[in-house]
Number of protein chains: 2
Amino acid sequence: MQKNMSTIKDVAKAAKLAVSTVSLALNNDPRVKESTRRRVLEIAQGLQYRPNGIARDLKARRTDTVCILLHDLGGPFYSELIRGVQDVATSNKYNTIASGTGGGHIGSAAVRLLSERRVDGAIILAPDVDDETIIHAAGKDLPIVVLDRNLLAENVYSVLVDNERGGYEVTKHLLNLGYRNIVFVCGPSDSLDSELRYRGYETAMNEFHVQKSKRFDYCGHFTEEGGYSIGKLLSAMGILPDAVFSANDEMAIGIMKSFIEIGIRVPEDVAVVGFDNIPISEYVQPSLTTVRQPMYDMGAVAAQFLFQALNGNSELQPVLLPTELIVRNSSQVK
Amino acid sequence: MQKNMSTIKDVAKAAKLAVSTVSLALNNDPRVKESTRRRVLEIAQGLQYRPNGIARDLKARRTDTVCILLHDLGGPFYSELIRGVQDVATSNKYNTIASGTGGGHIGSAAVRLLSERRVDGAIILAPDVDDETIIHAAGKDLPIVVLDRNLLAENVYSVLVDNERGGYEVTKHLLNLGYRNIVFVCGPSDSLDSELRYRGYETAMNEFHVQKSKRFDYCGHFTEEGGYSIGKLLSAMGILPDAVFSANDEMAIGIMKSFIEIGIRVPEDVAVVGFDNIPISEYVQPSLTTVRQPMYDMGAVAAQFLFQALNGNSELQPVLLPTELIVRNSSQVK
DNA sequence: TGTTATTTTTGAAACGTTTCGATTTTATGA
DNA sequence: TCATAAAATCGAAACGTTTCAAAAATAACA
């Protein structure tokens, strides 16, 4: 049975000093005599004393920690985002913790970290955290940066990726290559991303005076399986288009897989393009033409916003980050 | 300028009740009259009161949170691990936060979360957190599960993957296919994983009475670039083996890339196998034969250990999870 | 109505720190 | 040696909760 964790009181008692002196000593306050400090340090060491961070946070009314909330921690392309946040947070001497909002009671992670003020700031890329929660939690002393979300509120700042332009450019790429019958495969119907990418597609198609596919004809759930089914469906119904623009890479990969299985060649018979530039998009066969989102930048910019806000600057305009078209082999015969 | 967050005191004052009554009311204690509770709830709502989690944690001396410490949050194959942990933690009504140990001052994340007791338990897969820190932080009330680390200490529990057997099996697979001149490419010299995988390789080679490569001749840093250089080196020196067993997939992919670049065919000229079964290993060309680590199980088992320990069971023997050989095209002509 | 049992509310202490103003100790200068 | 300045230490309050024992209010019963 281990004895209880020793506290600053125990150290004080052992050193025959006041608690306050010990505290000062441990925090290297110049007011304590050098010899006392050394003695305190020694005794603290001997007692295996470790300050209790929670008590410290309570007193300080700050945690020096920011969090990043993701629906699915460890999703395929959050990695760079997290890195971006962490790099900036670290250089501002803040700690970063991440939490997934997916499992468990809905909103529990958000409530716990934000509403109950266990962090000093937050970056949120999680559609399942509702605006309400965010608006309520945000405050002068707890700025929140939302990613990929249309939300305008006090102490809430916004970083967006130009999904619409990305959709426009990749569609135009297809059109320039001569493809005309281009089908758009959308994601979940409540996905803003999917919607915006469609709008870009729409614009490009209009620009070329080409008839566009009805938006909601083909709808996966941003999953590879979803794409696979849609691919099967398209070919089974004998309505193969010239090209498919899938609202994300996972679905695009599923689509390609289904095509290839039944002997439809990509891109010779049908071109396929995706969106997101997830790591495997480079490795699938054929490699996937897609649109890169600047995930690292997104994280870094979001974190910078956070610290600007924490330093009192509340005049931060929403920023729109550019995407980048990445042409690979799924759209263009070598 | 936003006014200060309201506390339970403000609610009490507004309701003309004692703080303690309000606390009881908010926590649905049956001792408070129903009508009072409703009144309190209403007033709390009106004041936008949100309990301060830090104060609560301090008083309760527990956080209902466990953390998972990874060197590189968002690394390619942690995703499943995190999911495993989170699933189990959630079903035990605990929250999970994740933190990367890579950026920033070394050990800072670990110290902050573990030593300063901001969590009730931890799962650690991060070679850069040293044993010392773990041993010191661990306690009856803060069990720690270490993954892939040889560490035996009080309140520290261990979940391992049978790297040695994995190495043995994949080597045997090569030997059974007739390969004899098999080179082992190791990871960083301080990597236990790499070492164990080598031992499995050694055993298999001995079993077949084949001469094995010297262990430290070829050493990448578990990176694709490292593998690429080694591949170049091997071919440049004209000492191509029959097969290469790379201590992880990233390096294996780099090696294949370099081979293919200069016209060496995989697997016809040289077979390549890796370890870890990272997502893209399935998609590279040729697809990579590798060894799967049961990441989800690892996370789930680790979390289960944690909660067993939190519930007073300290008799948990280290567990060794089996690996699984995944044969793909990089080792075997179709 | 008075007594007792029950329900409801309360004040104070505690969790482990930091910080402030006050007090004690030591050093300084005449 | 004494007064004063400077250095070192101290005690108490505070951070925002929960909890415990006790007090107050209400209900039940004779």
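Residues numbered from 1 in each chain as written. Chains lettered and ligands numbered in written order. Predicted model: local features only at pLDDT ≥ 70, side-chain atom pairs only at ≥ 80, totals over all residues. Heavy atoms only, no water.

Topic: the sheet that holds strand β7 (residues 243-246) of chain B
Residues and elements named next belong to chain B. The three strands are arranged β6-β7-β8 in an open sheet whose pairing can be described as parallel. This sheet does not close on itself; its edge strands, each paired only once, are β6 (182-185) and β8 (271-273). Averaged over all adjacent pairs, the angle separating strand axes in this sheet is 15°, with direction ignored. Of the strand pairs in this sheet, β6 and β7 are connected by four bridges, and their pairing is parallel. Within β7, the position partnered with V183 by the bridge is V244. Helix-sheet contacts for helix α8 (residues 163-176) involve β6, β7 and β8, and the interaxial angle to β7 is about 170°. Helix-sheet contacts for helix α9 (residues 192-207) involve β6 and β7, and the interaxial angle to β6 is about 165°. (Pairing = 2+ DSSP bridges. Helix = DSSP H or I, 4+ residues; strand = E, 2+ residues; numbered from the N terminus. Axes fitted to C-alpha atoms, helices over the stretch in contact; angles between N-to-C directions. Contact = heavy atoms within 4.5 Å.)

What about the sheet that holds strand β7 (residues 243-246) of chain A?
Residue and element names in this part refer to chain A. In spatial order, the strands read β6-β7-β8; together these three strands make up an open sheet with parallel pairing. Edge positions in the sheet fall to β6 (182-185) and β8 (271-273), since each of these pairs with one other strand and no more. Sheet twist, expressed as the mean angle between neighbouring strand axes with direction ignored, is 15°. Strand direction decides the pairing type here: β7 and β8, joined by three bridges, are parallel. In the strand pairing of β8, A243 is matched with A271. Against the sheet, helix α8 (residues 163-176) touches β6, β7 and β8, its axis set at about 170° to β7.

Some remarks on the packing of helix α1 (residues 8-15) of chain A against helix α3 (residues 34-46) of chain A
All names here are of chain A. At a minimum axis separation of 9 Å, α1 and α3 run at an interaxial angle of 120°. Considering the angle they form, α1 stands oblique to α3. Judged by the twist between their axes, the crossing of α1 over α3 is right-handed. Every residue of α3 that contacts α1 at V11, A14 and A15 is listed here: R39, V40, I43 and A44. Among the residues forming the contact of α1 with α3, the class breakdown is six nonpolar, no polar and one charged. (Parallel < 35°, antiparallel > 145°, perpendicular 65-115°, else oblique. Left-handed = near helix turned anticlockwise from the far one by under 90°. Nonpolar A, V, L, I, M, F, W, Y, C, P; charged D, E, K, R; others polar.)

Describing the protein's contact with DNA strand C
With respect to spatial proximity, 25 residues lie near DNA strand C, and among them I8(A), S23(A), A18(B), S20(B) and T21(B) are the closest. Each atom of DNA strand C within 4 Å of the protein was classed as base or backbone; sugar and phosphate made up 63%. Between a phosphate oxygen of DNA strand C and a main-chain N or O atom of A18(B), the distance comes to 2.9 Å. Between DNA strand C and K59(B), the relevant distance is 3.1 Å, taken from a base nitrogen to a side-chain nitrogen or oxygen of the residue. At the level of elements, α1, α2 (19-26) and α4 (53-60) of chain A together with α2 (19-26) and α4 (53-60) of chain B are the ones that each hand at least two residues to the surface near DNA strand C. (Near = heavy atom within 4 Å. Polar contact = N/O pair within 3.5 Å; in protein donor to acceptor, adjacent residues only side chain to side chain.)

Points about the protein's contact with DNA strand D
Inspection of the region around DNA strand D gives 26 residues, with A18(A), S20(A), T21(A), I8(B) and S23(B) positioned closest. The protein-proximal atoms of DNA strand D, defined as those within 4 Å of the protein, are 63% sugar or phosphate. Here K59(A) contributes a side-chain N or O atom positioned 3.1 Å from a base nitrogen of DNA strand D. Measuring from a base oxygen of DNA strand D, one finds a side-chain N or O atom of K59(B) at 3.4 Å. Residue assignment for the surface near DNA strand D shows that the elements contributing at least two residues are α2 and α4 of chain A together with α1 (8-15), α2 and α4 of chain B. Counted by class, the surface near DNA strand D contains nine nonpolar, eight polar and nine charged residues.

With respect to the interface of chain A and chain B
Facing the 56 residues of chain A at the interface are 54 residues of chain B. Carbon and sulfur atoms supply 53% of the area that chain A and chain B bury against each other, a total of about 4,400 Å² over both sides. Connecting chain A to chain B are six salt bridges. Between R56(A) and E116(B) there is a salt bridge, and its shortest N-O distance comes to 3.4 Å. Taken together, the links from chain A to chain B amount to 24 residue pairs in polar contact (both at pLDDT 80 or more). At the level of elements, α4, α5 (79-91), β2 (95-100), α6 (108-115) and α11 (249-261) of chain A are the ones that each hand at least two residues to the side of chain A that touches chain B. (Buried area = accessible area lost by both parts, 1.4 Å probe. Salt bridge = Lys/Arg side-chain N within 4 Å of Asp/Glu carboxyl O.)

Section: the domain arrangement of chain A
All names here are of chain A. Segmenting chain A into domains produces domain 1 (8-51), domain 2 (64-161 + 295-321) and domain 3 (163-293). Taking only C-alpha atoms into account, the centre of domain 2 sits 30 Å from that of domain 3. The partner domain 3 presents eight residues to the six residues of domain 2 that form the contact. Counting each side, the surface lost to burial between domain 2 and domain 3 is near 740 Å², with a carbon and sulfur contribution of 52%. (Domains from an automatic or database assignment.)

Examining helix α5 (residues 79-91) of chain B
Since one α-helical turn is 3.6 residues long, residues separated by three or four positions face the same way. Compared with an ideal rise of 1.5 Å per residue, which puts 13 residues at 18 Å, α5(B) spans 19 Å between its outermost C-alpha atoms and is within 8% of the ideal. As for α5(B), its buried residues are in contact with β2 of chain A together with β1 (65-70), β2 (95-100), β3 (121-125), β4 (144-147) and α12 (295-310) of chain B. Positive backbone phi, approximately 60°, marks K93(B), located one or two places after α5(B). (Expected span 1.5 Å × (residues − 1).)

Topic: the environment of K93(A)
All names here are of chain A. Structurally, K93 can be placed in the loop between α5 and β2. On the accessibility criterion, K93 (73% relative accessible area) is exposed. Considered as a pair, K93 and Q308 are 215 residues apart in the sequence and their alpha carbons are 14 Å apart. (Buried < 20%, exposed > 50% of the residue type's maximum accessible area, 1.4 Å probe, protein only.)

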